[in-house]
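# Chains, contacts and geometry: an overview
Each chain is listed here by its residues.
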Amino acid sequence: MPRAELDAAHITDPALRRSYELCRGLHARHGRTYFLATRLLTAAQRPSVHALYGFARWADDIVDEPREHERPERCAERLSGLGAALISGIRSGSCSDPLLAAVVDTAVRHELSSDLFEDFLRSMRMDLSVRDYPNRAALGRYMRGSAEVIGLQVLPVLGAVVPLDEAAPHAAALGRAFQLTNFLRDVAEDLERGRVYLPADELAAHGVDRDLLLWCHRHRRTDPRVRAALVEQHALTREIYRFARVGIRMLDPVSRPCVETAYALYSRILERIEADDFAVFARRAVVGKAYRARIAGAALLRAVRARERGAHRPAPTRGARS
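Residues numbered from 1 in each chain as written. Predicted model: local features only at pLDDT ≥ 70, side-chain atom pairs only at ≥ 80, totals over all residues. Heavy atoms only, no water.

## A few points about the overall build of the protein chain
Looking only at helices and strands, one finds 15 helices and 0 strands in the protein chain. In terms of C-alpha radius of gyration, the protein chain reaches 20 Å, essentially the compact-globule figure of 20 Å for 322 residues. When contacts within the protein chain are restricted to residue pairs at least 6 apart in sequence, those whose partners lie at least 24 apart make up 73%. Element-wise, carbon and sulfur atoms account for 52% of the exposed surface of the protein chain, whose accessible area totals about 14,600 Å². Measuring between centres, the 50 positive side-chain charges of the protein chain sit 6 Å from its 41 negative side-chain charges. (Helix = DSSP H or I, 4+ residues; strand = E, 2+ residues; numbered from the N terminus. Rg over C-alpha atoms; globule rule 2.2 N^0.38 Å. Contact = heavy atoms within 4.5 Å. Areas by Shrake-Rupley, 256 points an atom, 1.4 Å probe, with all protein chains shown as cover. Lys, Arg positive; Asp, Glu negative; His and termini not counted. Charge placed at Lys NZ, Arg CZ, Asp CG, Glu CD.)

What follows is the structure in structure tokens.
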């Protein structure tokens, strides 16, 4: 991690600096879109965002990239141990774990509730045993921990011009919209892991079940019934994006270019899925480098202007620790 970021955040302890560097490395390797957007934040904000996303990536890899011959029960034990160490650290105010030290420091600095981390880990454990979701309510319970809490964790780091409680529903919705975009894009990849992240009852309304999805995956084709189901899911996700967008203007002006960039890039994925006529079993929807560069360049100019105006201020309210 560049020294300027750690210095700007007043992180001086050598072991803590190494922990933040570890988290930044995880974020850089696994979160290309998020990491690019993070470059638009102030130097002081970046370490905390790296810590939160680095932790999320670490926990996710325990589930999706298990060690050789590692059984789900052992993965669950590792997640439980990770959670116990993190929650203990948050409650005591410090942690000596090489990775968790930065996460605990971020949680303490921004008064993040330990409930947010517990919800996240609960959803990660669900991925070890749950293979599909009967309805949107069940999927929503999963996404509460796997997506919404990420937005709620980052919100106090970004700051807001309104009370955080007012901005929170929109921050949670943005996390949900991003994940639903991933679910649409990665239907085939998720099937390879034995999972379907689309509500079974909504698929069934179009005559779609797991067997038909597997047929599409094997033949790299989107059956018309599946396409109709995906069109519906696409429209529902668009509605969530519209609600989430309202919250961007509630953020501290210096943080808006970062979130606007993430919003634009993920929205573009949704656009590509539609432009490809929902051929999600034949190819993965991607955002072109030229578009990414254009969006990031324009956002960088806005970010620089916001900093020059001295727009960054402490949020009027803070999150609550448990």
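## Comments concerning the environment of Leu116
Counting through the fold element by element, Leu116 comes out in helix 7 (residues 114-126). Using a relative accessible area of 11% as the deciding quantity, one classes Leu116 as buried. When residues no more than four places from it in sequence are discounted, the contact partners of Leu116 are Arg144, Val149, Leu152 and Gln153. (Buried < 20%, exposed > 50% of the residue type's maximum accessible area, 1.4 Å probe, protein only.)

## A word on the environment of Asp186
Along the polypeptide, Asp186 turns up in the loop between helix 9 (164-185) and helix 10 (187-192). In sequence terms Asp186 and Arg284 are 98 residues apart; their C-alpha atoms lie 7.3 Å from each other. Of note is the side chain of Asp186, whose polar atom sits 2.9 Å from the side chain of Arg185. (Polar contact = N/O pair within 3.5 Å; in protein donor to acceptor, adjacent residues only side chain to side chain.)

## Quick notes on the packing of helix 14 (residues 256-275) against helix 15 (residues 289-308)
Between helix 14 and helix 15, whose axes approach to 9 Å, the crossing angle comes to 165°. One finds that helix 14 runs roughly antiparallel with respect to helix 15. For the pair helix 14 and helix 15, the crossing hand works out as right-handed. In contact with Pro257, Glu260, Thr261, Ala264, Leu265 and Arg268 of helix 14, helix 15 contributes Tyr291, Arg292, Ile295, Ala299, Arg302 and Ala303. Grouping the constituent residues of the contact of helix 14 with helix 15 by class yields 7 nonpolar, 1 polar and 4 charged. (Axes fitted to C-alpha atoms, helices over the stretch in contact; angles between N-to-C directions. Parallel < 35°, antiparallel > 145°, perpendicular 65-115°, else oblique. Left-handed = near helix turned anticlockwise from the far one by under 90°. Nonpolar A, V, L, I, M, F, W, Y, C, P; charged D, E, K, R; others polar.)

## Brief notes about the pattern of salt bridges
Counting across every chain of the model gives 29 salt bridges. Here Arg195 and Asp64 are joined by a salt bridge, their closest N and O atoms 2.8 Å apart. Taken as a pair, Arg195 in the loop between helix 10 and helix 11 (200-204) and Asp64 in helix 4 (residues 46-64) lie far apart in primary sequence, 131 residues in all. One exposure class covers both Arg195 and Asp64, and it is buried. (Salt bridge = Lys/Arg side-chain N within 4 Å of Asp/Glu carboxyl O.)

## Some remarks on unusual backbone geometry
Although it is not a glycine, Arg220 sits at a positive phi angle of roughly 55°. Residue placement: Arg220 occurs in the loop between helix 12 (210-219) and helix 13 (224-246). Given the relative accessible area of 52%, Arg220 is considered exposed. The phi torsion at Phe278 lies on the positive side, around 60°, for a residue other than glycine. Relative to the helices and strands, Phe278 resides in the loop between helix 14 and helix 15. On the basis of relative accessibility, which here comes to 3%, the residue Phe278 falls in the buried class.

## Considering helix 6 (residues 100-109)
In an α-helix, one turn spans 3.6 residues; hence positions three or four apart end up facing the same way. The buried count for helix 6 comes to 8 of 10 residues, which makes it a mostly enclosed element. Here helix 6 has its buried residues at Leu100, Ala101, Ala102, Val103, Val104, Asp105, Thr106 and Ala107. Close packing links the buried residues of helix 6 with helix 2 (14-30), helix 4, helix 5 (72-92) and helix 7. Glu111 sits one or two residues past helix 6 and shows a positive phi near 55°.

## Some points on the packing of aromatic side chains
The geometry of two aromatic rings is summed up by the distance between their centres and the angle between their planes. Taken as a whole and judged by the stated rule, the model has 9 aromatic pairs. Seen in terms of ring centroids, Phe178 and Tyr241 are 6.2 Å apart; in terms of plane orientation they differ by 55°. Their pairing is tilted. Here Phe178, found in helix 9, pairs with Tyr241, found in helix 13; they are 63 residues apart in sequence, far enough to count as distant. The same class applies to Phe178 and to Tyr241, which are both buried. Taken together, a centroid distance of 4.4 Å and an interplanar angle of 5° make the contact between Phe183 and Tyr197 stacked. Within this pair, whereas Phe183 is found in helix 9, its partner Tyr197 is found in the loop between helix 10 and helix 11, the two being separated by 14 residues in sequence. Here Phe183 and Tyr197 have matching classes, each one buried. Taken together, the ring pairs connect Tyr133, Tyr142, Phe183 and Tyr197 into an aromatic cluster. A cation sits over an aromatic face here: Arg238 above Tyr241, 6.0 Å from the ring centre. (Phe/Tyr/Trp six-rings, centres within 6.5 Å; stacked < 30°, edge-to-face > 60°. Lys NZ or Arg CZ within 6 Å of the ring centre and 35° of its normal.)

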